[in-house]
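Here is what each chain is made of, one letter per residue.
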Amino acid sequence: MLSRLSLLAVAVVALAGCSMFSRHARDEAPATAATPAPVHQSLMKSLTGDIRYELPQAVPADAYLLVTLADVSRQDAQARTISKERIQPVGASPVDFLISYDPSELRDGVDFAINVRLQQGDKLLAINDTRTSVLGRSGENGPVSITLKAVP
């Protein structure tokens, strides 16, 4: 009877060990193209600045600012979005912003720009009408100042 109990105890310990090792191996498996590794917050960088605007009317309470960091290096193609940040509620001008991005998304020799839209739902209220180059080969690392023009 004692040998059966000992054998059972050894089997339970062995199975528990196999279970622990298989879970550990699964947790440390390298990422594949189908399952990319998560970006850790400590690897993220950010760009700061302020947004200035003058509107003929007061900013509606449900308005928001949409700040976009984009790869604008290809003139024959739509800009590739790197990161977006939505600011709501919109306060009085100027409004400070901080947009975070994954630096691995940036390629050398590429132009990047910050675009800002002031919107109320789908209605565009104001937009920056001049390019604000950042990062990359021709831009600043921040902080940057962006001026919006009202849309008629």
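Definitions and limits used
Residues numbered from 1 in each chain as written. Predicted model: local features only at pLDDT ≥ 70, side-chain atom pairs only at ≥ 80, totals over all residues. Heavy atoms only, no water. Pairing = 2+ DSSP bridges. Helix = DSSP H or I, 4+ residues; strand = E, 2+ residues; numbered from the N terminus. Phe/Tyr/Trp six-rings, centres within 6.5 Å; stacked < 30°, edge-to-face > 60°. Lys NZ or Arg CZ within 6 Å of the ring centre and 35° of its normal. Salt bridge = Lys/Arg side-chain N within 4 Å of Asp/Glu carboxyl O. Buried < 20%, exposed > 50% of the residue type's maximum accessible area, 1.4 Å probe, protein only. Core = buried A, V, L, I, M, F, W, Y, C linked by side-chain atoms within 4.5 Å. Contact = heavy atoms within 4.5 Å.

**Structural notes on the pairing of strand β6 (residues 123–127)**
On a regular strand, each side chain points to the face opposite its neighbour's, so the side chains alternate between the two faces of the sheet. Where strand β5 (residues 112–120) and β6 come together, four bridges link them in antiparallel fashion. Its bridge partner lying in β6, Gln-119 is registered against Leu-124. Between the end of β5 and the start of β6, which pair antiparallel, lie two residues, with Gly-121 showing a positive phi angle near 65°. Alignment of β6 against strand β8 (residues 144–150), held across two bridges, turns out to be antiparallel. Bridged to Ile-127 within β8 is Lys-149.

**Points about the packing of aromatic side chains**
The final tally for this structure, using the stated rule, is zero aromatic pairs. Cation over ring: Arg-86 sits above Tyr-64, and NZ or CZ is 3.7 Å from the ring centre.

**Structural notes on the pattern of salt bridges**
According to the stated counting rule, one finds two salt bridges in the structure shown. Ionic pairing is found between Arg-52 and Asp-50, a salt bridge with its closest N-O pair at 3.2 Å. With relative accessibility at 38%, the residue Arg-52 sits in the partly exposed group. Under the relative-accessibility criterion, Asp-50 is labelled buried at 16%. Across the salt bridge formed by Arg-80 and Asp-71, the nearest N and O atoms sit 3.7 Å from each other. For Asp-71, a relative accessible area of 6% corresponds to the buried category.

**Side note on the nonpolar core**
With 27 residues, the main nonpolar core has Ile-51, Leu-65, Leu-69, Phe-97, Ile-114, Leu-118 and Leu-148 as its most contacted residues. For Ile-114, the contacting residues outside a window of four places in its chain are Leu-47, Val-67, Thr-68, Leu-69, Phe-97, Ile-99, Asn-128, Thr-132, Val-134 and Ile-146.

Note that all results are geometric; they support no functional claim without further evidence.
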